[in-house]
Amino acid sequence: MRYRLAAFGAALIVAGALLASFVQTRGGVEVSEARWRTAEGAVMSGLLYRPPGLSETRRAPAVLLSHGYINTREMQSPFAIELSRRGFVVLAMDMTGHGGSGGNVGAAGFGGPSALAFLRSRPFVDPGQIGLAGHSMGGGPVLAAARSAPDGYRAVALVGSAPGLFGPPADVSPDFPRNLNVVFGGLDEFAALMWRTPKGTDLPDSEKLRTVFGLTTAVEPGRLYGDPSLGTARRLDLPHVTHPWEHFSRGGVAPVVDWMQARLDGEAHPRPANEQIWFWKEAGTLVALVGAALLLLGAFDLVLSLPWLGALRRAPEPASAVRGAGGWIALVLTAVLPAATYLPFMKLGAFWFPSTGFPQWVQNQLLAWAMANTVLAVLIALVLRRGRPVFSVDIVRSIVAASLSVGAVVLALALVDRLLQVDFRFWVVGFRPLTEARWATFLTYLPFWILHAVIAVRGLCALLAVDGASRRMTYLTAAGVMGGGFLVLAVLQYATLFSTGLLLTPTEPLNVIVALQFIPLLAFVGVIAVFTWRRTNSYLPGGLICALFLCWYVTSGTANHWSPDYPMTFPPAARDR
């Protein structure tokens, strides 16, 4: 009986990964891992999408894609899928300091020049028909590539991005870059940073945009300006989407597909830009992500059936007969404080600069927030003294059980990544394998996450250990308490954005977007806590699992701002937070 949950999770992983792989290889497209080096020697990573039937005598046009800050190549799969199934070769790169690429953020032109050179060198690529497209900070490598090879590309799409923002200052003019499509959400949270206009809907009147278009009057969305044959073509598309929706919506993907089909010659299967199938790949990786969560829980159940680890299994012991006023106050504070303190402590954590041992600036900020909330949790527990719960604690067995449980998911992800080139993902929430270099980073940050997660899970289990509480209500309470505060924060921010065009805190767009991930992640932390406590009467296995789970997630998906081979750079998007 105990194997059923793990088996179901594994089945979902297989089904979801196969669906995702089927969609991204539709029509015979081959997706493979790509590796190359920058001129300075950093190893770069990407996914190469190759349509069928190509050779040295039958070459195809190609598009280089780049993701935004603290994202990875997989975030560009909607563009990659739609372009490759139309006959374009596509290289979805990891920027330097991101994903599987070496270096640090901004180094070697964000990796853009070397990626373009690699793509142009493929024998099945027509080097005279190359397009460049980047989302958000992905404009940095795209424009660096364009500057490095002025005659090496024919068209550019900047999605939620702008010239002259990332990397060295760029000439903002009607002549550079060649044949430019600007795709910018009417609800984009970065309008002020990107185009110096308060709202995305005000973009047509932006002085910076008018300069890029060579106009003195407002830019008309959807209208073609300039001459494509001279490289001066310009078009603005203004879909009614937010910044993270620009690469996760029909409205964001369609203009780029249309622009590349119009500007590059030779695609084998031109299709209407709105004819899209990429969301089925996202459905597949979502199913795999859910399967990974169930596999994690099922693996813990399985390890408890092993003779030595079976000693962990204990019936839960309630801490109190009823949840009194102090308990309810503690639950409310547990839900509210992490979300209420998130933006202030993230800003404070920005002063924890990247270094040899702690190279990830955003993870440093998150740890500053986590450590501050750990202190607050201890203080609250001391003030709201309640009945002392009786927990079972076995450190060695708990470490082994947690490691085996998370290891099962690590192994599953490694297999689907190697065999099918997909990960466990939905939109901004995604797990990818740790590279060899990032394992060292993971181990450096892990003790901090252990301290935070163990104390947080202990406090949660103490509050939930009430006699007579139903299993369903305990799970719902745990998920709601852990993720509910961030859900409220997101609702307040985006209700304000949709009604006024501005976030509730308009100077904090990046941290608000990062916070979206914590709604499902922390809700699952609550589920892990209850699941493990109910089987062991201990907070320790759950706390260790959550620490491994969170540290893996953040380390694999966050950018490195320090590396031994490059000077550290501070992109304006991060510096201005």
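Just above, that's the structure.
As the structure is a prediction and not an experimental result, all values here were calculated from the model.

J.: Looking at this structure, I do not really get the sheet that holds strand 3 (residues 60-66). What am I missing?
T.: Hydrogen bonds between backbone groups are what pair the strands of a sheet, and the pairing can be parallel or antiparallel. Read from one edge of the open sheet, 8 strands run 1-2-4-3-5-6-7-8, paired in mixed fashion. Of all the strands in the sheet, the pair left with one neighbour each is strand 1 (30-37) and strand 8 (234-237). Averaged over all adjacent pairs, the angle separating strand axes in this sheet is 20°, with direction ignored. Pairing analysis gives 6 bridges linking strand 3 to strand 5 (residues 125-135), with the strands arranged parallel. The partner of Leu 65 across the bridge, within strand 5, is Ala 133. Along the sheet, helix 7 (residues 250-263) contacts strand 3, strand 5, strand 6 (155-159), strand 7 (180-183) and strand 8; its crossing angle with strand 6, the most-contacted strand, is approximately 175°.

J.: Sorry if this is basic, but what is going on with the side chain of Ser 21 here?
T.: Turning to its location among the elements, Ser 21 is positioned in helix 1 (residues 3-24). Not counting residues up to four positions away in its chain, the partners in contact with Ser 21 are Leu 420 and Val 422.

J.: What should I look at first to understand the pairing of strand 2 (residues 43-50) in this one?
T.: Working note: regular strand, side chains alternate between the two faces of the sheet. For strand 2, the buried fraction is high: 6 of the 8 residues fall into the buried class. For strand 1 and strand 2, the ladder comprises 8 bridges, and the chain directions are antiparallel. Directly across from Ala 34, in strand 2, lies its bridge partner Gly 46. Counting the residues between successive antiparallel strands, the hairpin from strand 1 to strand 2 contains 5 residues, one of them, Gly 41, with a positive phi of roughly 105°.

J.: Quick question: what am I supposed to make of the pattern of salt bridges here?
T.: Two side chains that carry opposite charge are able to pair once their charged atoms sit near each other. A full pass over the atoms with the stated rule returns 19 salt bridges. The partner of Glu 74 in a salt bridge is Arg 432, with the nearest N and O atoms 3.3 Å apart. Highlighted residues: Glu 74 in the loop between strand 3 and helix 2 (77-84) and Arg 432 in the loop between strand 10 (429-431) and helix 12 (436-464), separated in sequence by 358 residues. Arg 432 shares its class with Glu 74; the two are buried.

J.: What's the story with empty space enclosed by the protein in this structure? I'm lost.
T.: Any empty space left between atoms is shown by rolling a water-sized probe over those atoms. The final tally for this structure, using the stated rule, is 3 cavities of 30 Å³ or more. Its volume calculated, the largest cavity comes out at about 500 Å³. Secondary structure elements with two or more residues in the lining of the largest cavity: helix 10 (361-383), strand 10, helix 14 (509-516), helix 15 (518-536) and helix 16 (540-557). For the lining of the largest cavity, the element with the highest residue contribution is helix 16, accounting for 5 residues. Residue composition of the lining of the largest cavity, grouped by class: 19 nonpolar, 12 polar and 2 charged.

J.: What exactly am I supposed to notice about unusual backbone geometry here?
T.: In terms of backbone geometry, most residues other than glycine have negative phi values and most peptide bonds are trans. Note the cis peptide between Phe 176 and Pro 177, where omega equals -5°. Within the secondary structure, Pro 177 is located in the loop between strand 6 and strand 7. The phi dihedral of Ala 108 is positive, around 55°, even though this residue is not glycine. Located in the positive-phi region is Trp 427, a residue other than glycine, with phi close to 55°. Here Trp 427 lies in the loop between strand 9 (424-426) and strand 10.

J.: Is there a simple way to explain the environment of Val 378 in this structure?
T.: Within the secondary structure, Val 378 sits in helix 10. The partly exposed category is assigned to Val 378, whose relative accessible area is 35%. Sequence separation between Val 378 and Pro 221 is 157 residues, and the spatial gap between their C-alpha atoms is 54 Å.

Conventions adopted
- Residues numbered from 1 in each chain as written.
- Predicted model: local features only at pLDDT ≥ 70, side-chain atom pairs only at ≥ 80, totals over all residues.
- Heavy atoms only, no water.
- Pairing = 2+ DSSP bridges.
- Helix = DSSP H or I, 4+ residues; strand = E, 2+ residues; numbered from the N terminus.
- Axes fitted to C-alpha atoms, helices over the stretch in contact; angles between N-to-C directions.
- Contact = heavy atoms within 4.5 Å.
- Buried < 20%, exposed > 50% of the residue type's maximum accessible area, 1.4 Å probe, protein only.
- Salt bridge = Lys/Arg side-chain N within 4 Å of Asp/Glu carboxyl O.
- 1 Å grid on protein atoms, 1.4 Å probe; cavity = no way out; pocket = protein on both sides within 12 Å on 5 of 7 lines; lining within 4 Å.
- Points joined across faces, edges and corners; volume = space filled by probe spheres on them.
- Nonpolar A, V, L, I, M, F, W, Y, C, P; charged D, E, K, R; others polar.

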